[in-house]
Amino acid sequence: MLTKKEEHFLQRASSRHRYAIVTGFALCFAGGLYGIWGVQQLDSEHAPQPHEAFDRPIARLALLIVGYQERLSQLEPQTEREETLLTHLKAQTDTTVRLILMLFRFLFASMVMTAGVVFLAVGFTQKQFLDIMEKLRKTPEPTFGTPVATQHGRHDG
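Residues numbered from 1 in each chain as written. Predicted model: local features only at pLDDT ≥ 70, side-chain atom pairs only at ≥ 80, totals over all residues. Heavy atoms only, no water.

### Notes on the packing of helix 1 (residues 4–40) against helix 4 (residues 80–138)
Close contact between helix 1 and helix 4 brings their axes to 7 Å; oriented N to C, the two are set at 155 degrees. Here helix 4 runs roughly antiparallel to helix 1, going by the angle between their axes. Between helix 1 and helix 4 lies a crossing of left-handed hand. Of the residues assigned to the contact of helix 1 with helix 4, the class counts are 25 nonpolar, 11 polar and 5 charged. (Axes fitted to C-alpha atoms, helices over the stretch in contact; angles between N-to-C directions. Helix = DSSP H or I, 4+ residues; strand = E, 2+ residues; numbered from the N terminus. Parallel < 35°, antiparallel > 145°, perpendicular 65-115°, else oblique. Left-handed = near helix turned anticlockwise from the far one by under 90°. Nonpolar A, V, L, I, M, F, W, Y, C, P; charged D, E, K, R; others polar.)

### Brief notes about the nonpolar core
Core analysis: the biggest nonpolar cluster contains 7 residues, these being Tyr34, Trp37, Ile58, Ala62, Val97, Leu101 and Ala109. Mapped onto this core, the elements with two or more residues apiece are helix 1 and helix 4. Excluding anything up to four places from it in sequence, Ala109 contacts Gly31, Tyr34 and Gly35. (Core = buried A, V, L, I, M, F, W, Y, C linked by side-chain atoms within 4.5 Å. Buried < 20%, exposed > 50% of the residue type's maximum accessible area, 1.4 Å probe, protein only. Contact = heavy atoms within 4.5 Å.)

### Observations concerning a nonpolar patch on the surface
A surface patch of nonpolar side chains, about 690 Å² in accessible area, is lined by Leu61, Leu64, Ile100, Phe104, Leu107, Phe108 and Met111. Mapped onto the secondary structure, Leu64 falls in the loop between helix 2 (56–59) and helix 3 (66–74). (Patch = residues over 30% accessible without salt bridge, like charges linked within 9 Å, V, L, I, M, F, W, Y side chains within 5 Å. Areas by Shrake-Rupley, 256 points an atom, 1.4 Å probe, with all protein chains shown as cover. Salt bridge = Lys/Arg side-chain N within 4 Å of Asp/Glu carboxyl O.)

### A short note on the packing of helix 3 against helix 4
At their nearest, the axes of helix 3 and helix 4 sit 10 Å apart, and the two run at 165 degrees to each other. In terms of their interaxial angle, helix 3 and helix 4 are classed as roughly antiparallel. Taken as a pair, helix 3 and helix 4 cross one another with a handedness that is left-handed. Residue-level contacts link Tyr68, Gln69, Leu72 and Ser73 of helix 3 to Leu86, Leu89, Lys90, Thr93 and Asp94 of helix 4. Considering only residue class, the contact of helix 3 with helix 4 consists of 4 nonpolar, 3 polar and 2 charged.

### A short note on the pattern of salt bridges
Counted by the stated rule, this structure contains 2 salt bridges. Two residues, Asp131 and Lys127, come together in a salt bridge whose shortest N-O distance is 3.3 Å. One end of the pair is Asp131 and the other is Lys127, both in helix 4 and 4 residues apart, which spans about a single turn. For Asp131, a relative accessible area of 37% gives the class partly exposed.

In structure tokens:
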């Protein structure tokens, strides 16, 4: 027989596991979408400007190399070879920055998804625990003389 405190604990836990499962699914879904979006930002045509992106704290990391890019644009190549090298250097710099941003975004998405998996694990474990507790509460107490009561050493009287 459970005490009132134990009954209250089971009632609270039975409502909380649903929230943990829903939160876990939401975090996994949001983290996955953000990771996919972060990978898509490697394409320079689809990527927003750092001050327009919804993940401004991460996108602003691209602003760290603005000075370097401005110096590259001020260079005036003298030969065709220098112009080709400068064009490739600008493209390489842009790609490097996009890769770094993608890695930060993917890292953040992975952390959010990991938190979602933790919530899912906690929610499903609580659900299993509550199912076991419910089965135990529904089984009648064994009385003296029944095989279960004698196995557990219970004697009434």
